[in-house]
Amino acid sequence: MSSPFWPRPDTMRLGAGSASTKPGQNLCPRQLAKKINEHGASNRPARQGFTCGAAHVPEAASQGTNPWASWPISAQAHWPPPGALPPPAVAMAAPAPGFISVFSSPQELSASLAQLVAQRAACCVAGARARFALGLSGGSLVSMLARELPAAIAPTGPAGLAHWTLGFCDERLVPFEHAESTYGLYRTHLLSKLPIPDSQVITINPQLPVEEAAEDYAKKLRQEREKIVAPISDSPKPPPQRVTLTLPVLNAARTVIFVATGEGKAAVLKRILEDKEDSPLPAALVQPHTGKLCWFLDEAAARLLTVPFEKHSTL
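Rules used in this analysis
- Residues numbered from 1 in each chain as written.
- Predicted model: local features only at pLDDT ≥ 70, side-chain atom pairs only at ≥ 80, totals over all residues.
- Heavy atoms only, no water.
- Buried < 20%, exposed > 50% of the residue type's maximum accessible area, 1.4 Å probe, protein only.
- Helix = DSSP H or I, 4+ residues; strand = E, 2+ residues; numbered from the N terminus.
- Pairing = 2+ DSSP bridges.
- Axes fitted to C-alpha atoms, helices over the stretch in contact; angles between N-to-C directions.
- Arc of directions from axis to C-beta.
- Contact = heavy atoms within 4.5 Å.
- Salt bridge = Lys/Arg side-chain N within 4 Å of Asp/Glu carboxyl O.

Novice: Explain the pairing of strand 8 (residues 242-245) here, please?
Specialist: Taken residue by residue, a regular strand's side chains alternate between the two faces of the sheet. Every second residue of strand 8 is oriented toward a common face, with Arg242 and Thr244 on one face and Val243 and Leu245 on the other, all of them buried. Pairing of strand 6 (residues 170-172) with strand 8, which is carried by three bridges, proceeds in the antiparallel orientation. Residue pairing for strand 8: Arg172 is matched across the bridge by Arg242. In the sheet, strand 7 (residues 229-232) pairs with strand 8 via four bridges, with the strands oriented antiparallel.

Novice: Help me understand the sheet that holds strand 7, please; the structure alone is not making it clear to me.
Specialist: Within a sheet, adjacent strands bond to each other through the backbone by hydrogen bonds, running parallel or antiparallel. Across the sheet, three strands lie side by side as 6-8-7; this open sheet has antiparallel pairing. With partners counted over all chains shown, the strands left at the sheet margins are strand 6 and strand 7, one partner each. Adjacent strand axes in the sheet meet at a mean angle of 15°, parallel and antiparallel pairs treated alike.

Novice: Please clarify how helix 7 (residues 210-220) should be interpreted in this entry.
Specialist: Since there are 3.6 residues in each turn of an α-helix, residues three or four apart along the chain are aligned in direction. Turning to helix 7, its buried residues are Val210, Ala213, Ala214, Tyr217 and Ala218. Here the buried residues of helix 7 occupy an arc of 135° about the axis, which is enough to place them on one side. Taken together, the buried residues of helix 7 touch strand 5 (164-168), strand 7 and strand 8.

Novice: So what exactly am I meant to see when it comes to the pattern of salt bridges here?
Specialist: Side-chain pairing between opposite charges can occur once the charged atoms of the two side chains come close. Summed over the entire model, instances satisfying the criterion amount to eight salt bridges. Of the charged contacts, one joins Arg187 and Glu177 as a salt bridge, the two residues approaching to 3.9 Å between their closest N and O atoms. Pair noted here: Arg187 is in helix 6 (residues 182-189) and Glu177 is in the loop between strand 6 and helix 6, with a separation of 10 residues, a long-range link. Here Arg187 falls in the partly exposed class, since its relative accessible area comes to 33%. A relative accessible area of 65% means that Glu177 is categorised as exposed. Residues Lys311 and Glu299 are paired through a salt bridge, measuring 2.7 Å at the closest nitrogen-oxygen approach. Remark: Glu299 occurs in the loop between strand 10 (292-298) and strand 11 (309-313) and Lys311 occurs in strand 11; sequence separation between them is 12 residues. Residue Glu299 is classed as partly exposed on the basis of its relative accessible area, which comes to 31%.

Written out as structure tokens, the structure is:
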């Protein structure tokens, strides 16, 4: 049986300055989502799916936190887990920025993000495989999607959601009722508004030790040749134990979107998108093989960028 997430996922992974910009565009969220969907499409082989692999951009290391800890790839201090990274020559390559969109406010960003998810879902469900898998990260992304996604996908009705599968790029090893549980937050704030059966939501077993929880989650995702789920035991940001997807999964995605808001993200975003580091941050190594890489930022998070980006206003 094939997996919705691996090895060729019908997926979308979402994760939660002075700059050279293209002319501002006043596009409604739906128009912007269409534009991003069409960006670079002629250069990619057709493939179903959408990976919303965006997570929070971590605070800069100078603020006393591990800049890797918040990413869906790994939250451990001793990176990498086996099989998670490409060979060193690839890891040292300068990353391509991808498609960078900057919004005037988190609210405008949220509306456009929800429309993009809705359009990708509709495209995948209408495709030959008729399914859409969405990999989610936590943090402020939960409230963004909870506020905007139900209305964005309402036109498709329950029939469209019957073809969805949800998973989590990075999950804390805590009970689902715990305030830090990624699934628990989505269950309360988003899934309560969407008629998606529990059988279509792939979760960890929080009662297992972290190593066993990672193995169990990989089986649910139908692990094949590469290590696709890593157990994390020493995340510097509590809680310390997590179950996280690895680079092979993220880079096999059809679309990856990083979402970052706030001035606290500006310095690390500049490192990821512009600096050529011998040991790049894991987020800089997310480069979908045949898919699309997008960055959704607000003005505060983008304030230090000098690479070209498109500035949007959806109002």
